Amino acid sequence: WEQTVARAGEELVFIPGDTLVACSFASYVGVFTRTYREACVSNFIEYLNKKNVPLGPKPDPLGVLATDAEMAAWAGQGLPSDRVSCENGAIMTNSQRWGLI
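Model, not experiment: these values are computed from the prediction.

Draft legend 1. Broad picture of the overall build of the protein chain. Scanning the protein chain from terminus to terminus reveals six helices and zero strands. Helices and strands appear in the protein chain in the N-to-C order α-α-α-α-α-α. By principal-axis analysis of the C-alpha atoms, the protein chain measures approximately 40 × 35 × 25 Å. A separation threshold of at least 6 residues defines the contact pool for the protein chain, and within that pool the share at least 24 residues apart is 61%. Here the protein chain contributes 8 positive and 11 negative side-chain charges, whose respective centroids are spaced 9 Å apart.

Draft legend 2. Structural detail: the packing of aromatic side chains. Enumeration over the complete set of coordinates arrives at two aromatic pairs. On the numbers, 4.6 Å between centres and 55° between planes, the contact of F32 with Y36 is tilted. Ring plane angle 15° and centroid distance 6.5 Å describe the contact between F44 and Y47, whose orientation is recorded as stacked. Of this pair, F44 and Y47 both sit in helix 3 (residues 34-50), three residues apart, which is roughly one turn of that helix. Looking at F44, the relative accessible area reads 24%, which means it is partly exposed. Take Y47: its relative accessible area is 46%, and that puts it in the partly exposed class.

Draft legend 3. Representation of unusual backbone geometry in the model. Its identity as a non-glycine residue notwithstanding, N52 has a phi of 60°, on the positive side. Mapped onto the elements, N52 comes out in the loop between helix 3 and helix 4 (61-65). Exposure remark for N52: the relative accessible area of 66% places this residue in the exposed category.

Draft legend 4. Seen up close, the nonpolar core. Counting residues in hydrophobic clusters, the biggest one holds 17 residues, and the most contacted among them are V21, F25, L62, L65, A66, M71 and A90. Sorting the residues of this core by element identifies helix 2 (15-28), helix 3, helix 4, helix 5 (68-76) and helix 6 (83-93) as the ones contributing at least two each. No other element matches the four residues that helix 2 contributes to this core. With near-sequence residues (within four places) excluded, V21 lies in contact with V41, F44, I45, L48, L55 and P61.

Draft legend 5. Structural view of helix 6. Every buried residue belonging to helix 6 is among S85, C86, E87, N88, G89, A90 and I91, and all of these are buried. If you follow the buried residues of helix 6, they end up packed against helix 2, helix 3, helix 4 and helix 5.

The rules behind each value
Residues numbered from 1 in each chain as written. Predicted model: local features only at pLDDT ≥ 70, side-chain atom pairs only at ≥ 80, totals over all residues. Heavy atoms only, no water. Helix = DSSP H or I, 4+ residues; strand = E, 2+ residues; numbered from the N terminus. Contact = heavy atoms within 4.5 Å. Lys, Arg positive; Asp, Glu negative; His and termini not counted. Charge placed at Lys NZ, Arg CZ, Asp CG, Glu CD. Phe/Tyr/Trp six-rings, centres within 6.5 Å; stacked < 30°, edge-to-face > 60°. Buried < 20%, exposed > 50% of the residue type's maximum accessible area, 1.4 Å probe, protein only. Core = buried A, V, L, I, M, F, W, Y, C linked by side-chain atoms within 4.5 Å.

Structure, rendered in structure tokens:
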């Protein structure tokens with residue numbers, strides 16, 4: 001229990017940076033292919049690292065935008081379970097306006 005609390009406290013430092021990556025992903029890269037999406041996220045993470053923005057060990061926009069349970073529900077409703085489809089679902093469920101997909 002104490003280890004879990006300590007680890008959670010350490011991970012709180014990463015939440016703003018990881019959320020920034022996820023929000024920029026949802027806002028700007030939904031219209032692109034998987035390869036280009038990965039390149040954009042990688043370049044943005046590199047930029048944030050140069051600016052000393054605290055990020056988790058492996059920032060993952062999909063991990064911030066959707067849970068495994070949500071992705072399983074989407075698959076149950078007929079959405080393909082590949083990464084791009086799950087990313088598209090995450091963008092749509094986290095957008096208040098029309099997402100760029």
